[in-house]
Amino acid sequence: MEPRRKVAGEIAQVIGGQLQGQIADQVKRRYAAWNDPRAKLDRRYRRSSRVLTFWLIVLALLAVVGTLTLVGALGAAPGVVAALGFAGTSVLAVRTNLKMRGIDAERRQLEAAPTPEPLPARSSAARQPMERLEDAQDTLRELLRQLDSAALTSIPTDSVEQARATGAEAASAIRAVSRQLQAVERARDTAPPLDRAPLVEGVRRLRAQLDEGVDGYCGLVAAAGRVLAESTASNPRQVLGDATDHLAGLASALRELSR
């Protein structure tokens, strides 16, 4: 019975670890969705909308009191109070309406901006390469910003712009491979056991392509770092240009393979 209990314990431990990982991913996704700038603006807009509705109801009630005062149904005192309240409430309603317009303008700006793609699940083979890609993108963005500054006059602007455009194109191609890998993983997990071998091989091949793409992107980051460290070198444009050309070729190859 001891071996059976040991095996059962190991199975329970594996399943428990998988469930904990899935729950952690779900909590992380919900937390990220709650703190998403778009979600925050939506909540602010809804709160302002409820406040504006309240002020409009108050204005309507004060208008009724003012009307009754004009027709003589109420005394002068309630009419004066209603007039003062109407003026103050109108100011608050206008301010709330302006606040809603500002929030709506911020929402339109966010809608025009690209939405960041979430990382793959922790159990996915694409997770670790995509984490590396995100870190590399942040680093490259900062390096190119500094290389494009007026203080570094030895770095041509067109070289920096070409590196920036090539980096964006390569990141897009790498993410396309990541989405393919995740789709194949889902197919592998739902396929019958006898049909999984080609899918397992597909996951392995796509992971190799993903690693190669991220390594190429990191090569461009390293080249940009060398250029920044030696910004007074004799030919910094060639160093950055060679890395940019290499990454452009790699991105093109990844797109062809994904098709």
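Residues numbered from 1 in each chain as written. Predicted model: local features only at pLDDT ≥ 70, side-chain atom pairs only at ≥ 80, totals over all residues. Heavy atoms only, no water.

Quick look at the overall build of the protein chain
What counts here: The helix and strand labels rest on DSSP assignments: H or I over at least four residues marks a helix, E over at least two residues marks a strand, and numbering proceeds from the N terminus. For this analysis, residues touch if any pair of their heavy atoms sits within 4.5 Å. Reported accessibility uses the Shrake-Rupley method at a 1.4 Å probe radius. Residues are deemed covered only where the shown protein chains occlude them.
When its secondary structure is counted, the protein chain shows seven helices and zero strands. When the helices and strands of the protein chain are read in sequence order from the N terminus, they spell out α-α-α-α-α-α-α. A sequence separation of at least 24 residues applies to 73% of the contacts in the protein chain between residues at least 6 apart. Accessible surface, the protein chain as shown: approximately 16400 Å² in total, 59% of it carbon and sulfur.

Overview of the packing of helix α4 (residues 127-147) against helix α5 (residues 157-190)
What counts is decided by this rule: Between the N-to-C directions of two axes lies an angle of 0 to 180 degrees, each axis being a line fitted to C-alpha atoms and, for a helix, fitted only over the stretch in contact. Put simply, angles under 35 degrees are roughly parallel, angles over 145 are roughly antiparallel, angles from 65 to 115 are roughly perpendicular, and the rest are oblique. Polar here means any residue other than Ala, Val, Leu, Ile, Met, Phe, Trp, Tyr, Cys and Pro, which are nonpolar, and Asp, Glu, Lys and Arg, which are charged; Gly is therefore polar.
Following both chains from N to C, one finds α4 and α5 inclined at 170 degrees, their axes separated by 11 Å at the closest point. With respect to their mutual orientation, α4 and α5 come out roughly antiparallel. Of α5, the residues touching α4 (which contributes M130, L133, E134, Q137, L140, L144, R145 and L147) are V160, A163, R164, G167, A171, I174, R175 and S178. Along the lines of polarity and charge, the residues of the contact of α4 with α5 split into nine nonpolar, three polar and four charged.

Some thoughts on the side chain of S124
Operational definition: Exposure classes here rest on a 1.4 Å probe applied to the protein chains alone. A residue is buried below 20% of its type maximum, exposed above 50%, and partly exposed in between.
Its place among the elements puts S124 in the loop between α3 (76-112) and α4. Accessibility expressed as a relative area gives 10% for S124, which makes it buried. Apart from the residues within four sequence positions on either side, S124 is in contact with L181, Q182 and E185.

Brief notes about the nonpolar core
The condition is simple: What is meant by a nonpolar core is a set of buried Ala, Val, Leu, Ile, Met, Phe, Trp, Tyr and Cys residues, joined one to another through side-chain atoms within 4.5 Å.
Counting 26 residues, the largest nonpolar core has L140, L147, I174, L210 and Y217 as the members making the most contacts within it. Put simply, the parts of the chain that give this core at least two residues each are α4, α5 and α6 (196-229). Take this core: its biggest share by element is nine residues, from α6. Judged by nonpolar contacts, the second largest core, of five residues, contains L52, W55, L59 and M100.

Some points on the pattern of salt bridges
Pairing between side chains of opposite charge can happen when the charged atoms of each approach one another. We apply this condition: A side-chain nitrogen of Lys or Arg and a carboxyl oxygen of Asp or Glu constitute a salt bridge if their distance falls within 4 Å.
If you walk through the whole model with that rule in mind, you get eight salt bridges. With its nearest N and O atoms 2.9 Å apart, the salt bridge here joins D138 to R141. Remark: R141 and D138 occur in helix α4; sequence separation between them is three residues, near one turn of the helix. With a shortest N-O distance of 3.0 Å, R188 and D189 are connected by a salt bridge. What makes R188 partly exposed here is its relative accessible area of 22%.

Some details on the packing of α5 against α6
Geometrically, a packed helix pair is captured by the angle between its two axes and the distance between the axes. Here is the rule: Two helices cross in a left-handed way if the nearer one is turned anticlockwise from the farther one by less than a right angle. They cross in a right-handed way if the turn is clockwise.
Contact pair α5 / α6: the axes reach a minimum separation of 9 Å and the direction vectors enclose 165 degrees. Taken together, the axes of α5 and α6 are roughly antiparallel relative to one another. Classified by chirality, the crossing of α6 by α5 is left-handed. When grouped by side-chain class, the residues that make up the contact of α5 with α6 number 16 nonpolar, six polar and five charged.

A short note on a nonpolar patch on the surface
Threshold: Residues form patches when they are more than 30% accessible in relative terms and have no salt bridge. Like charges link within 9 Å. Nonpolar side chains (Val, Leu, Ile, Met, Phe, Trp, Tyr) link within 5 Å.
On the surface, a nonpolar cluster with roughly 480 Å² of combined accessible area is contributed by V64, L68, L70, V71 and L74. Along the chain, L70 turns up in helix α2 (residues 37-70).

What about the side chain of S178?
Among the secondary structure elements, S178 is positioned in helix α5. Classification of S178 by relative accessible area gives buried; the value is 2%. Beyond its immediate chain neighbours, meaning those up to four positions away, S178 contacts P120, A126, M130 and L210.

Points about the confidence of the model for the protein chain
Let me state the cut-off plainly: Each residue carries a pLDDT value, the predictor's own confidence for that position, ranging from 0 to 100.
Mean pLDDT over the protein chain works out to 80, with 75% of the residues at or above the 70 mark. Of all secondary-structure elements in the protein chain, the lowest mean pLDDT belongs to helix α1 (residues 2-34), at 59, while α4 reaches the highest, 91.

Some points on α2
Rule in force here: Here, expected helix span is obtained from the residue count minus one, scaled by 1.5 Å.
For α2, which comprises 34 residues, the first-to-last C-alpha distance of 49 Å matches the rise-based estimate of 50 Å (1.5 Å per residue) to within 8%. Count one or two residues on from α2 and you reach G72, which has phi positive near 90 degrees.

Describing the environment of W34
Tracing the chain through its elements places W34 in helix α1. With relative accessibility at 53%, the residue W34 sits in the exposed group. If we skip the residues at most four places from it in the chain, W34 touches A39, K40 and R43.

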